[in-house]
Amino acid sequence: MALRVHNTLTGKIEAFVPLHPPKVGMYVCGVTVYDRSHVGHARALVTFDVVFRYLRWCGYEVTFVRNFTDVDDKIIARAQQAGISTAELVAANLTAFDEDVRALGCLRPTKEPRATEHIPEMVALIQKLIDRGLAYVADGDVYFCVEKFPSYGKLSKRRLEDMIAGARVDVDERKRHPMDFALWKASKPGEPTWPSPWGPGRPGWHIECSAMATKYLGQPFDIHGGGADLIFPHHENEIAQSEGAHGCEFARYWLHNGLVTIGAEKMSKSLGNFMTVAEAAARSGGEAVRLFVLGTHYRSPLDFAPERLDDAARALGRIYDTLARADDAGADPTAPPDAVRIQEFREAMDDDFNTARALAVLFDTIRDLNRAMDEKQTTNLGPLRATVRELSTVLGIGGNDPHVVLEEEKQRHLRSQGLSPEYVANKLAERTEARRRRDFATADRIRQELRERGIAVEDTPQGTVWKVAR
RNA sequence: GGCGGCGUACCCAAGUGGCUAAGGGAGAGGUCUGCAAAACCUCGAUGCAGCGGUUCGAAUCCGCUCGCCGCCUCCA
């Protein structure tokens, strides 16, 4: 079975057939860098990171483009509020974004173009739309004329009449049709501005993606992705602009991740009900956030609660405990992965990136690994360990050095508790001595004492060790 | 109002016509242990919002009802 993906354009799950195999072009809408990213952004980031990784794992040469919107109303407003330049605001948020992405274990896209670095391309595209009669100039603004694009609404499956019906659309005298949208906005004093044939101004939001996607991927290209909240109007407008200008299909497969809700309400900056990626990562670690996201199919709604992060952190801890144990047990690092498990994994991922099912394969493998160690079947260790390593290249879960991960977890814990490694070492030595004397009352008292500080003591055949209580 | 989607065990969640309804977290019992912890084993929904229907057979298809969400405005 080969990869099948859900295409928003058709509403169906279809076989994925790239235009120019083995090459695949993928464009994903990134973020507007006016503020820190939250868990909702994390979901989009992780979802398409896995798509990217899986396509590569399948042998495709993927060009993955993810943009930054670094000019828009909110950036301007936020910068003015803070009394800094838009450039300063953008720079700060780009740095923060980079940290978030790294915490989430996402690979770098092939290209990360910024809107402000592609103004000439946008101007050229707008000019082409004007030339083809699909756009018109009004007072230094340029609007796209939706009535001139007959298939407008084909992605979001809505008709122009329906949209106006329930409409809270701005009544703008300069627009010929209420649903017409801005390609170019004349700038007000003090705003970032670029020269254009229609006067100084700045681009509308949608045009940047049309211009940059086509610049780096050509047209048509294979995959266009983003959050489900972008289907309308953003992606609908991208299609109108790109297909209107070039007279050919824009993108073949449209993939959209479901939104993150919190208390059954959409998580969003405007509602103020969000947890930032940095906060989530500080609580449970970025990899746990990733695991939380991948536990649900990417198109389903995902309800966030901090406790779910804790669940994920515990599950992740089990993975790394097992891997550390396997490495200590001398799993052959050169062994090939287990073909049966890999096949199960492939079938799950081929089914529209069913990461929840793929994770079940990972956890089954973890159990296999522990059982093999319990039963001293050392020859199975290598292949099972290799299987986890293989799956981790796609899921981005369990791919780090387990000893390093566990050690970092311990250091983090000690620091947050204000405890020194010596304190723990002394307590453990004291307890070991007590146990040697068979003074179990003292030993248990010490263990309880440490437990209250979040330190879990384990007596193993190799001696006493401690871990962070999860 | 238009369009799209959701409701599966204590919590999360996969499964969309047919083996005993994955997996994770929590829980119970067991093995191991001085006792624990970890790990493993076992248990856990005779039932998949409710009601009807199609079918030899449905959580899965159809209809209705109830509850909930998203988009239609900036939004991942």
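Up top is the structure.
Let me begin by describing the structure that accompanies this report. Quick caveat: nothing in here was measured; it's all calculated off a predicted structure. Note on numbering: residues in each chain are counted from 1, in written sequence order. Whichever chain is written first is A, and whichever ligand is written first is 1; the rest continue in order. Selection of residues for local features in this predicted model requires a pLDDT of at least 70, selection of side-chain atom pairs for listing and counting requires 80 or more, and totals for whole chains, interfaces and linings are taken over all residues. Only hydrogens and water are set aside when side-chain values are computed; all heavy atoms of the structure are taken into account.

Some remarks on the environment of valine 5
Counted only if it meets this: Secondary structure elements are defined from DSSP: runs of H or I of at least 4 residues count as helices, runs of E of at least 2 residues count as strands, and each element is numbered from the N terminus. Relative accessible area decides the class of each residue, using a 1.4 Å probe on protein chains only: under 20% of the type maximum gives buried, over 50% gives exposed, and in between gives partly exposed. Contact definition: two residues touch when any of their heavy atoms are within 4.5 Å.
Along the chain, valine 5 falls in strand β1 (residues 4-7). Among the residues examined, valine 5 registers a relative accessible area of 1% and is labelled buried. Sequence-wise, valine 5 and valine 90 are 85 residues apart; in three dimensions their C-alpha atoms are separated by 34 Å. Ignoring anything within four residues of it in the chain, the contact list for valine 5 reads Lys12, Ile13, Glu14, Phe16, Tyr253, Leu255, Asp352 and Phe353.

Regarding the pattern of salt bridges
Under the convention used in this document: Here, a salt bridge means any Lys or Arg side-chain nitrogen found within 4 Å of an Asp or Glu carboxyl oxygen.
Tallying each qualifying case throughout the model produces 40 salt bridges. A salt bridge links glutamate 191 to arginine 202; its shortest N-O distance comes to 3.2 Å. Residue glutamate 191 is found in the loop between β7 (181-186) and β8 (201-203), and its partner arginine 202 is found in strand β8; the two are separated by eleven residues along the sequence. You'll find glutamate 191 and arginine 202 in the same group, each marked buried. In this structure, the salt-bridge partner of lysine 467 is aspartate 321, at a minimum N-O distance of 3.1 Å. Here the residue lysine 467 occupies a position in strand β14 (residues 463-468), and aspartate 321 occupies one in helix α10 (residues 306-328), the gap between them amounting to 146 residues. Of the residues examined, aspartate 321 reaches a relative accessible area of 18% and is grouped as buried. Bridged by salt links that share partners, the residues Arg66, Asp98, Arg102, Arg108 and Glu112 form one connected network.

Concerning the packing of helix α1 (residues 39-57) against helix α9 (residues 286-294)
What counts here: Angles shown run from 0 to 180 degrees and are taken between the N-to-C directions of axes, each axis being a line fitted to C-alpha atoms and, for helices, limited to the stretch in contact. Throughout this description, any angle smaller than 35 degrees is read as roughly parallel, any larger than 145 degrees as roughly antiparallel, any in the 65 to 115 degree range as roughly perpendicular, and the remainder as oblique. Any residue that is not Ala, Val, Leu, Ile, Met, Phe, Trp, Tyr, Cys, Pro, Asp, Glu, Lys or Arg is counted as polar, Gly included; the first ten are nonpolar and the last four charged.
Look at α1 against α9: their axes get within 10 Å of each other, and the N-to-C directions meet at 80°. If you check the angle between α1 and α9, you find them roughly perpendicular. Where α1 approaches α9, its residues Val39, Ala42, Arg43, Val46, Thr47, Asp49, Val50 and Arg53 are matched on the opposing element by Val289, Arg290, Phe292, Val293 and Leu294. For the contact of α1 with α9, the per-class residue count stands at eight nonpolar, one polar and four charged.

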